[in-house]
Structure formats: structure tokens, C-alpha cells
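Now for the letters of each chain:
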Amino acid sequence: MDGSIAPSGGGCHGGRERMVDAARAAGKSETLERLMHDYPRGPHDQPQSMCPAFGSLRVGLRMRRVATILSGSACCVYGLTFTSHFYGAKRTVGYVPFNSETLVKGQLFEDIRNAVYETAKPENYDAVVVINLCVPTASGVPLDLLPKQIEGVRIIGIDVPGFGVPTHAEAKDVLAGAMLKYARTEAEAGPVARPRSLQDLPTVSLIGELFPGDPPGIGALLAPMGMAVAPQLPAREWRDLYAALDCTVAAAVHPFYTATVREFRAAGRPVVGSGPVGVDGTAAWLEAVGAAAGIATDKIEAAKNKALPAIRAALDAHPIDARITVSGYEGSELLVARALMEAGADVPYVGTACPRTEWSDADRIWLEERGTFVQFRASLDQDVAAMLDVRPDLAIGTTPLVQKGKEHGIPALYFTNMVSARPLFGAAGAGALAGIVAAQIKGAPRFARMVSFFDQVGAGSATGYGWQGKPVEPKGSRERMRKQREAKAKALEAVGT
Ligand code: SF4
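Residues numbered from 1 in each chain as written. Predicted model: local features only at pLDDT ≥ 70, side-chain atom pairs only at ≥ 80, totals over all residues. Heavy atoms only, no water.

## Structural notes on empty space enclosed by the protein
Now for step 1: With the rule as written, the count across this model stands at two cavities of 30 Å³ or more.
Now for step 2: When its volume is computed, the second largest cavity comes out at roughly 60 Å³.
Now for step 3: Taken together, Pro255, Gly331, Glu333, Leu334, Leu335, Thr352, Cys354, Pro355, Ser360, Asp363 and Phe376 form the lining of the second largest cavity.
Now for step 4: The leading source of residues in the lining of the second largest cavity is helix α14 (residues 333-342), at three residues. (1 Å grid on protein atoms, 1.4 Å probe; cavity = no way out; pocket = protein on both sides within 12 Å on 5 of 7 lines; lining within 4 Å. Points joined across faces, edges and corners; volume = space filled by probe spheres on them. Helix = DSSP H or I, 4+ residues; strand = E, 2+ residues; numbered from the N terminus.)

## Quick word on the pattern of salt bridges
Now for step 1: Enumeration according to the criterion identifies 30 salt bridges in this entry.
Now for step 2: The salt bridge involving arginine 58 is made with glutamate 209; its shortest N-O contact spans 3.1 Å. Of this pair, arginine 58 sits in helix α3 (residues 53-61) while glutamate 209 sits in the loop between β6 (203-206) and α9 (214-222), and the two are 151 residues apart along the sequence.
Now for step 3: Of the residues examined, arginine 58 reaches a relative accessible area of 22% and is grouped as partly exposed.
Now for step 4: Taking the relative accessible area as the measure of exposure, glutamate 209 reaches 16% and is therefore buried.
Now for step 5: Glutamate 479 is the salt-bridge partner of arginine 482, the closest N and O atoms lying 2.5 Å from each other. Taken together, the residues span about one helical turn, with arginine 482 and glutamate 479 both in helix α21 (residues 477-496) at a distance of three residues.
Now for step 6: Arginine 482 sits in the partly exposed class, given a relative accessible area of 33%.
Now for step 7: According to the relative accessible area criterion, glutamate 479 is partly exposed, its value standing at 36%.
Now for step 8: Salt bridges here are not isolated pairs; linked through shared partners, they connect Arg58, Arg62, Lys172 and Glu209. (Salt bridge = Lys/Arg side-chain N within 4 Å of Asp/Glu carboxyl O. Buried < 20%, exposed > 50% of the residue type's maximum accessible area, 1.4 Å probe, protein only.)

## Concerning the pairing of strand β12 (residues 373-376)
Now for step 1: As defined by bridge partners, strand β11 (residues 346-352) adjoins β12 across four bridges and the pair is classed as parallel. Among the inter-strand pairings, tyrosine 349 is bridged to a residue of β12, identified as phenylalanine 373.
Now for step 2: Read from β11 through helix α15 (residues 361-369) to β12, the crossover connection turns out right-handed. (Pairing = 2+ DSSP bridges. Right-handed = clockwise from strand over helix to strand, strands pointing away.)

## Notes on the nonpolar core
Now for step 1: Membership of the largest hydrophobic core comes to 59 residues, with the highest contact counts inside it found for Leu206, Leu222, Met225, Trp285, Ile320, Ile324 and Leu340.
Now for step 2: The contacts of isoleucine 320, once residues within four sequence positions are left out, are Leu340, Ala343, Gly344, Ala345, Leu433, Ala434 and Val437.
Now for step 3: Within the second largest apolar cluster, 50 residues are counted, among which are Ala53, Ile158, Leu245 and Ala250. (Core = buried A, V, L, I, M, F, W, Y, C linked by side-chain atoms within 4.5 Å. Contact = heavy atoms within 4.5 Å.)

## Looking at the confidence of the model for the protein chain
Now for step 1: Overall, the prediction assigns the protein chain a mean pLDDT of 88, with 92% of residues at 70 or greater.
Now for step 2: Contacts from residues 1-9, a stretch scored under 50 in pLDDT, to residues over four places away or in other chains number 26 contacts. (pLDDT = per-residue confidence, 0-100.)

## What to know about the packing of aromatic side chains
Now for step 1: In this structure the tally under the stated criterion is six aromatic pairs.
Now for step 2: Look at tyrosine 349 and phenylalanine 373: their rings are 6.3 Å apart centre to centre, the planes differ by 10 degrees, and that puts the pair in the stacked class. Taken as a pair, tyrosine 349 in strand β11 and phenylalanine 373 in strand β12 lie far apart in primary sequence, 24 residues in all.
Now for step 3: With a relative accessible area of 5%, tyrosine 349 lands in the buried category.
Now for step 4: The class for phenylalanine 373 is partly exposed, based on a relative accessible area of 48%.
Now for step 5: What links up through ring pairs into an aromatic cluster is the set Phe54, Phe86 and Tyr87. (Phe/Tyr/Trp six-rings, centres within 6.5 Å; stacked < 30°, edge-to-face > 60°.)

## Some details on the sheet that holds strand β14 (residues 412-414)
Now for step 1: Pairing within the open sheet is parallel, and its five strands lie in the order β12-β11-β10-β13-β14. The sheet is open, and its two borders are formed by β12 and β14, each paired with just one other strand. Ignoring which end each strand starts from, the neighbouring axes of this sheet average 15 degrees apart.
Now for step 2: Contacts between helix α16 (residues 380-390) and the sheet are confined to β10 (323-328), β11, β12 and β13 (394-397), with β11 contributing the most and set at about 170 degrees to the helix. (Axes fitted to C-alpha atoms, helices over the stretch in contact; angles between N-to-C directions.)

## Quick look at unusual backbone geometry
Now for step 1: The omega angle of the peptide bond from leucine 233 to proline 234 is -5 degrees, so this bond is cis rather than trans.
Now for step 2: Turning to its location among the elements, proline 234 is positioned in the loop between β7 (228-229) and α10 (238-245).
Now for step 3: With a phi close to 50 degrees, glutamate 151 is a non-glycine residue in the positive phi region.
Now for step 4: In this structure, glutamate 151 sits in the loop between β4 (149-150) and β5 (153-159).
Now for step 5: With a relative accessible area of 58%, glutamate 151 lands in the exposed category.

## Quick look at the packing of helix α1 (residues 16-25) against helix α2 (residues 29-38)
Now for step 1: Contact geometry of α1 with α2 gives a least axis separation of 7 Å together with a crossing angle of 135 degrees. What the angle tells us is that α1 and α2 run oblique. Judged by residue contacts, Val20, Ala23 and Arg24 of α1 engage Ser29, Leu32, Glu33 and Met36 from α2.
Now for step 2: Of the residues in the contact of α1 with α2, the class split is four nonpolar, one polar and two charged. (Parallel < 35°, antiparallel > 145°, perpendicular 65-115°, else oblique. Nonpolar A, V, L, I, M, F, W, Y, C, P; charged D, E, K, R; others polar.)

## Remarks on the pairing of strand β3 (residues 127-132)
Two faces make up the sheet, and in a regular strand the side chains alternate between them.
Now for step 1: Burial analysis of β3 places six of its six residues in the buried class, the great majority of the element.
Now for step 2: On β3, burial covers both faces: Ala127, Val129 and Ile131 on one face and Val128, Val130 and Asn132 on the other are all buried.
Now for step 3: Inspection of the sheet shows strand β1 (residues 66-71) paired to β3 by six bridges, in the parallel sense. Counterpart to valine 66 in the pairing with β3 is alanine 127.
Now for step 4: Strand direction decides the pairing type here: β3 and β5, joined by six bridges, are parallel. For valine 130, the partnering residue across the bridge sits in β5 and is glycine 157.

## Describing the environment of valine 289
Now for step 1: Here valine 289 shows up in helix α12 (residues 278-293).
Now for step 2: Valine 289 has contacts with Val204, Leu222, Met225, Met227, Val249 and Val272, leaving out every residue within four places of it along the chain.

In C-alpha cells form, the structure reads like this:
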């Protein structure tokens, strides 16, 4: 991070308030107010997930004919491009570098503008997205002054600072919402390009990144009501945005898309929460969608009568007899917990890094009525404490939680791999989780053997390679280090006085 403009020690490793102050002083107050409103913090400050901007970057990179350009410190951009390609982006990530001088003199904005003009060729792109990371946001680089379009190519500039957007999940909404707003304004102004997959039936727009098999499965659930699914959001192509906006009902399946929902509401579309998960969830969701779309009761009942017995049968055929804790930062944690519980699992704790919203209320209430403790904006500490307290047969969670679980001999599974690699909804979702849960739990004795075999070797401060025996802490080393730290802190204080 360039220390001369942005406060030193800022970004994702501390100094959030100073970064916020700097951004306000640089004219970004309105942006910050909007981010704080859409993505409220607390009860703790900052969930521990990857750089939030990854969410926006991913949404841009997954769209056809859309170029994505990052403006930020080289180290942040390195991490973000690495992660993108790790997840198979296979697309170029644009980058406008800067130094202290170009940042101070406003040249960075000019460089971004030039990059946008160079990139925005209508034969290549429908839209160019520019993402301000922490330092350019804190320094007030005014992306809103970029042209709105160049030769018909839409230009979308967004601020996605780690000190304003708590999770990468919510950062997906920042870009999805900005694109939907642009598309809505276009549709309101006059005729727009015809979407490829325009349906004659009333449609439901699904909000959230889902397993590829889930939208067709949900389409089958809706068919008896005479409804179909619209292209889902985040979209894969610009004109899909028009088809999504043209829906009869928007479904906030992932409940943290606040900006996206705002656009659907501005377009006059009703929005329903939760999702068709398990028997109870599917029944309630079909009723909510049918009511919002004005579908006759007999058709809603027909849809339920067709779907629910198949889901019940799938659940009965794949029972889960295990105690499981669920935590993650994808936003679908409550839905996954419901699916597990309907299959018979005991889920005493669900932690999600995402905030509580009205669209997850039905799931929260369903879980709490069955004795599950639901923690929104959960920190890693809370997730780990819950796991160690409950000692589940299986802990589903983030990478550090999984690591902690294995250290304690608790079988653990990475949430993202679990949800992104299998269906969650309808009958397909009902049977999908049981197999992987059973396979993981079967490994429990192996974990216990591993813990006793290593017996604290390589744990904590003794972690590392090359030991011949159990590492012994040098006598007095902790005390010496403590004194050194205190002396250093005192010396720093003295500089400030
Ligand atoms: S852009 Fe991301 S990685 Fe860089 S300082 Fe901000 S939160 Fe951290």
C-alpha cells in the first residue's frame, strides 16, 4: 500500500477508522454512507474473509463482453488476480498502477480515464467496469466523473474498499446492483436489446450465485404454477439484466443483495426471501412466490403437491444422523442448515459473516424455533468457540475453522466447496448433502488417531519443519520477547510526545 496518501497501516490489516476518515475527507462521504447502509457492520468490526473486492471482480469476470479494471495497490491487485485465476477466470484483469505522485496530483484518475477509453471498443465489449480498491477510495479518486458510456460501451465505476464492504459476498452485490441500476435506467429511457432467453411465462429472477443445476430444478418447481425462471443475478451477459428486470417476482435466495433488491423494487417488482429448501422451505417459498405473482391457489397447491412428496422421499432415502455446526461467508449458510436439519441432522449453531436482512428472516425463525443458535456477522472466534463447545460430528466452515477443527480431531469440511459443488434446492438438494456428510464422519477415528500420534508436536509456537524431536522452547524466551515488545511500544510512544 502506498503510505504517502492513504494512512499507514490501513486497509485490511488495521486502521479502518483512519481509512474511513481519509475517504470522507477526500469527498467519499456519500459513497461510505451508502455502503454502511447496505452492508451494516457489527456486532464485531470485520469478518475474516478474503479481500472483499474479489466478489465484485468475480462478478465482472464472469460476464461475457465485460472488461474489468482494478485501481489499487499492486499487492492487493496481485492477490486479487491470483485468486481470480485460481478460480479459473481465464480472463484478463485490467490494472491501472499508481505511485505517490500520480495519486497526489490526480494523474491516477486521468490514467484510469485513458485506460477506459482504450478498452471501451464496442466490437469487444458491452461494458467496462472499474473497481476502486482501498487506497484510491480513501484518496477520493472520483470514478463518478468517468463518462457514462463511450461509443455505446457502458462505463461503470464502483468503490469497493475493505473498510466499507465487510465481505466478498456483499461486494458481489455492489457490482450486480450497479449494473442492474444502469440497465434499469436504460430500459426506462427507451427500447433495449432483446434478451436471448425471453420467456412468455411470468418469471422469477433468482438472486445469488447458485449451483448450475439449481435454476433448472427451481424452474421445474415453478412449472405447475405456469411460471419459469428468468436469467439469474449476478448476470452472465448484459442483456440478461433486462430479462431479469422483466420478471414478475424477484427471489432473494441469497439474502445479502441489498443494492440489487433496491433496483428490483425501483422497477416495481415484489421480492421474496428464503429459498425452496427441504419440504418446509419449498412449501413456504412456492406459496410466497405464488402469492407475490398473483397465482391462483389451486395452481400453488398443484406445484406443492408435485414437489413436496419427491423432496420428502429424497430426504427419507438419505437421512443424516449427525450433529453438525455450519459457518461460512457465502450467505447461504442458513439454507444449508435447513437442508441438513430436514434430513435429520442436529444443527445447534449456524454462523454467517453476512448481515441479518429481512430476506433471511424466515430461515432464521425456522432454525431458532428448532433450537439452533444463529449468529449473523459471525467472527472466526465465535465460529471456533461454538465448534469447540458443541464438539460436532462434523464442522462445516471456512478454511481456518476447518484447520482448527482438524487440530482438535473434529471432522471438518470447507463450506464453499460443499455448496458450490452440489445442488441445494428441491429434491436434488435434499439428497445431495447426505453422501458427503457420511463420508466425512466416517473419517472421525482417523482424525483422533492423528491427534494422538502428533500429540502437540508442531502445534502453536513449535510449528515448522525440520525438527528431529519435540521442539523445546528456549528458557526465558517468552519473557525476553515480552520485554522487547514493551520497550518497542514505549519507544514509539516517546516519538509521539
Ligand atoms: S483492497 Fe483488499 S487486500 Fe487491499 S487493502 Fe483493501 S481489503 Fe486489503
